[in-house]
Amino acid sequence: MHDSWKPFLKSEFGKPYFKELSAFLHSEYEKKTIYPKKTLVFSAFATDLNEVKVVILGQDPYHTPGAAEGLAFSVPNSQPIPPSLVNIYKEIDNDIGSHANKTGSLRSWQKQGVLLLNTVLTVEAHKAGSHRGRGWEIFTTEVIKYLNETRPHLVFILWGRDARNKKSLIDQTKHLILESPHPSPLSAHTGFFGNHHFSRTNEFLRQNGLKEIIW
């Protein structure tokens with residue numbers, strides 16, 4: 001993780017809810033197959049806090065082998081592009097003409113100041129949503145509140161019900177909130193396609209004197 005996050009994370013790690021979460025995760029990793037690997041759980045926080053411009057909030061990590069790498073919607077270069085990310089790329093193409101990535105890795109977005117955060121940061125293999133209600137939602141609520149208070153002119157992109165539940169934490173007079181259904185094949189056709197979130201994000205960044213994201 002980047003040093004800029006350490007004061008915030010140190011504070012959260014010391015709270016009772018996080019100690020309970022840590023104990024749960026220690027047991028889960030010992031007994032079961034959990035994704036992502038322990039070393040990748042906090043990969044999103046490699047993004048310099050002072051350079052965060054966009055927050056993309058998803059649900060929980062991919063629950064199939066080799067896919068989860070601690071960044072929402074992203075997979076390692078060696079992995080096939082998952083259906084949700086296929087739909088994200090389709091929307092980029094429809095919105096701004098083409099997407100720059102040729103693989104499923106979104107690390108190029110991260111390097112540009114996009115925080116790729118799930119509402120829940122771990123999952124049991126082949127059991128989507130299995131770590132909900134264990135404390136991660138409290139943690140990511142605190143992350144959103146911290147970003148809302150400390151950073152100016154952010155774009156919060158909320159995809160899916162779990163992400164959209166965080167909307168009330170964000171000051172809409174300071175930040176831009178973009179929300180839609182999740183890009184999953186189960187819901188993309190109910191409002192994700194045609195949301196124009198990528199062009200709208202770049203327009204907001206331009207208006208605030210910030211460099212656009214190369215999607």
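It should be emphasised that the depicted structure is a prediction, and the values quoted were computed from it without experimental measurement.

A. Highlighting the nonpolar core. Counting residues in each nonpolar core, the largest one holds 65 residues, and the members touching the most others are F45, I56, W109, W136, F139 and L147. By residue number, the principal contributor to this core is helix α2 (residues 16-31), which donates 6 residues. With sequence-adjacent residues up to four places away left out, F45 is seen in contact with M1, H2, W5, L9, L117, L121, F139 and V143.

B. View of the pairing of strand β2 (residues 54-58). Most of β2 sits inside the fold, with 5 of its 5 residues counted as buried. The alternating pattern of β2 places V54, I56 and G58 on one face and V55 and L57 on the opposite face, and all of these are buried. Judged from the 4 bridges that link them, β2 and strand β5 (residues 155-159) form a sheet pairing that is parallel. Bridging across to β5, V55 finds its partner in F156.

C. The arrangement of the packing of helix α1 (residues 6-13) against helix α5 (residues 136-150) in detail. Interhelical geometry of α1 versus α5 gives an angle of 145° and a closest axis separation of 11 Å. With respect to the hand of their crossing, α1 and α5 are arranged in right-handed fashion. Residues F8, L9, E12 and F13 of α1 form the contact with α5, whose own contacting residues are F139, E142, V143 and Y146. Of the residues in the contact of α1 with α5, the class split is 6 nonpolar, no polar and 2 charged.

D. The sheet that holds strand β3 (residues 114-118), seen in detail. Here 4 strands make up an open sheet; going across it, the order is β3-β2-β5-β6 and the pairing parallel. With partners counted over all chains shown, the strands left at the sheet margins are β3 and β6 (176-180), one partner each. Taking the axes of each pair of neighbouring strands and ignoring which way they run, one obtains an average angle of 15° across the sheet. Across 5 bridges, β2 lies against β3 in parallel orientation. Paired with L57 across the bridge in β3 is L117.

E. Broad picture of unusual backbone geometry. Following Y35, the chain continues to P36 via a peptide bond in cis, the omega torsion being -10°. Not every positive phi belongs to a glycine, and H153 is a case in point at roughly 50°. In this structure, H153 sits in the loop between α5 and β5. The partly exposed category is assigned to H153, whose relative accessible area is 33%.

Reading the values: the criteria
Residues numbered from 1 in each chain as written. Predicted model: local features only at pLDDT ≥ 70, side-chain atom pairs only at ≥ 80, totals over all residues. Heavy atoms only, no water. Core = buried A, V, L, I, M, F, W, Y, C linked by side-chain atoms within 4.5 Å. Buried < 20%, exposed > 50% of the residue type's maximum accessible area, 1.4 Å probe, protein only. Helix = DSSP H or I, 4+ residues; strand = E, 2+ residues; numbered from the N terminus. Contact = heavy atoms within 4.5 Å. Pairing = 2+ DSSP bridges. Axes fitted to C-alpha atoms, helices over the stretch in contact; angles between N-to-C directions. Left-handed = near helix turned anticlockwise from the far one by under 90°. Nonpolar A, V, L, I, M, F, W, Y, C, P; charged D, E, K, R; others polar.

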